[in-house]
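Okay, here's what each chain looks like letter by letter:
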Amino acid sequence: MLRALLVASLLLSVTQSAQAASYPEPVEGDYVIRAFTFANGEVLPQLKLHYTTIGTPVLDETGLVTNAVLILHGTGGRGGVFLTDQFAGTLFGPGQPLDARHFYLILPDGIGAGKSSKPSDGLRARFPHYTYEDMVRAQYRLVLDRLRVNHLRLILGTSMGCMHAWLWGETYPYFMDALLPMACLPAPIAGRNRMQRRLMMDAIRNDPEWRNGDYEKQPRGLVTALQMNFIATASAEKLQRRVPTPDATDKLLDDWVRERLATIDANDYLYQWDASRTYDPGPGLEKIRAQVVAVNSADDEVNPPELGIMEREIARVRNARYMLIPAGEKTIGHRTFYVTELWKVILPELLESSGEH
């Protein structure tokens, strides 16, 4: 029995790797926007946006791109975070919902993250204080001006990218056919969610080692901020089962923080969370023309369903519905969007029905 299980596990691993390798090779690039002006009036002489594309754009007889899909990452992430067996290996391969032989997939690094322009490049706390609105406007410039994509079949956004998807939908209402916002709410960040973000930012700003952003080594407050983020985005029930002893819990937290400290900068992290301060798609929800399926999971403690916000706000959006994934063995809290088997069934239906409009 054990040997059979090992063989099955090996076959599954090989299959997943084959799936991941079966879609076209990702292509990376950079786009530099000259004299980019932010919403607060600050100007960056050169704003670099890094991006990854998979597949080839297809145009109809009128010159409209018909197969482009924009995929947006969460806070502190990057476009490449989706290029895993668990995500791309189950969505981008032959016969899968976003088969990259037929779709043109665009995965940008948001302002302040990945290989795009960010405070740690040199400006530190003198970097423009960007917002989600700035990030979406820069994404639009990348898609339209650099990639020459004049229409999107779908925007799929996770966490912060979910919030960006709502802003895309109301800012450029006729630019896309469908929206799939996952793990967020179409309302201002307030209550516990805002408090958690404030605590993380304060942990960095109030650390004497931060020195208004001109630190010589990463301030200790960054560790506290990372610890808070871990707790905020995890499922309490899953953590209890995964690490049922004090020693196991401490080791998991320490290992998780240590791994992230190797690649995270305090100023970058502070800016990333602060960018959500003006997020409020509420006033523009009626402007959205794309077909929408909003997805959350019941054990997402960042956006707990008992708040009732999604049910109230999505009723204002034409052609929209809400899918709440029940908490279960396979959900993992806020990051359940990575478990594609729990929601990918909605993609073919969404793409087919939205293509009729």
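For the structure given in this document, a descriptive report is provided here. Bear in mind the structure is a predicted one, so any value in this text is a computation, not a measurement.

### Description of empty space enclosed by the protein
- If you walk through the whole model with that rule in mind, you get two cavities of 30 Å³ or more.
- Of the voids in this model, the largest cavity is the one considered here, and its volume is about 60 Å³.
- In terms of residue count, the dominant contributor to the lining of the largest cavity is strand β7 (residues 291-297) (three residues).
- Its residues placed into classes, the lining of the largest cavity shows five nonpolar, five polar and one charged.
- Space inside the second largest cavity adds up to approximately 40 Å³.
- Taken together, Leu185, Asn296, Asn303, Pro304, Pro305, Gly308, Ile309, Met310, Glu311 and Tyr322 make up the full set of residues lining the second largest cavity.
- In terms of residue count, the dominant contributor to the lining of the second largest cavity is helix α10 (residues 309-314) (three residues).
- In terms of residue class, the lining of the second largest cavity is made up of six nonpolar, three polar and one charged.

### A short note on unusual backbone geometry
- Phi at alanine 35 takes a positive value of approximately 50°, unusual for a residue other than glycine.
- Inspection of the secondary structure assignment puts alanine 35 in strand β1 (residues 27-37).

### What to know about the pattern of salt bridges
- Going through the model one piece at a time under the given rule, you end up with 24 salt bridges.
- Between lysine 238 and glutamate 237 there is a salt bridge, with the nearest N and O atoms lying 3.0 Å from each other.
- The exposure class of lysine 238 is buried, given its relative accessible area of 16%.
- Linking aspartate 255 and arginine 258 is a salt bridge whose minimum nitrogen-to-oxygen distance equals 2.8 Å.

### Considerations on the pairing of β7
- Counting buried residues in β7 gives seven out of seven residues, a clear majority hidden from the surface.
- Side chains of β7 alternate between two faces, with Gln291, Val293, Val295 and Ser297 and Val292, Ala294 and Asn296 buried alike.
- Bridge count between strand β6 (residues 176-182) and β7: three bridges; the pairing is parallel. Residue methionine 182 lies in a different strand from β7, and its bridge partner there is valine 295.
- As defined by bridge partners, β7 adjoins strand β8 (residues 320-325) across six bridges and the pair is classed as parallel. Of the residues in β8, the one forming a bridge with asparagine 296 is leucine 324.
- In this fold, the crossover linking β7 to β8 by way of α10 has right-handed handedness.

The rules we used
- Residues numbered from 1 in each chain as written.
- Predicted model: local features only at pLDDT ≥ 70, side-chain atom pairs only at ≥ 80, totals over all residues.
- Heavy atoms only, no water.
- 1 Å grid on protein atoms, 1.4 Å probe; cavity = no way out; pocket = protein on both sides within 12 Å on 5 of 7 lines; lining within 4 Å.
- Points joined across faces, edges and corners; volume = space filled by probe spheres on them.
- Helix = DSSP H or I, 4+ residues; strand = E, 2+ residues; numbered from the N terminus.
- Nonpolar A, V, L, I, M, F, W, Y, C, P; charged D, E, K, R; others polar.
- Salt bridge = Lys/Arg side-chain N within 4 Å of Asp/Glu carboxyl O.
- Buried < 20%, exposed > 50% of the residue type's maximum accessible area, 1.4 Å probe, protein only.
- Pairing = 2+ DSSP bridges.
- Right-handed = clockwise from strand over helix to strand, strands pointing away.

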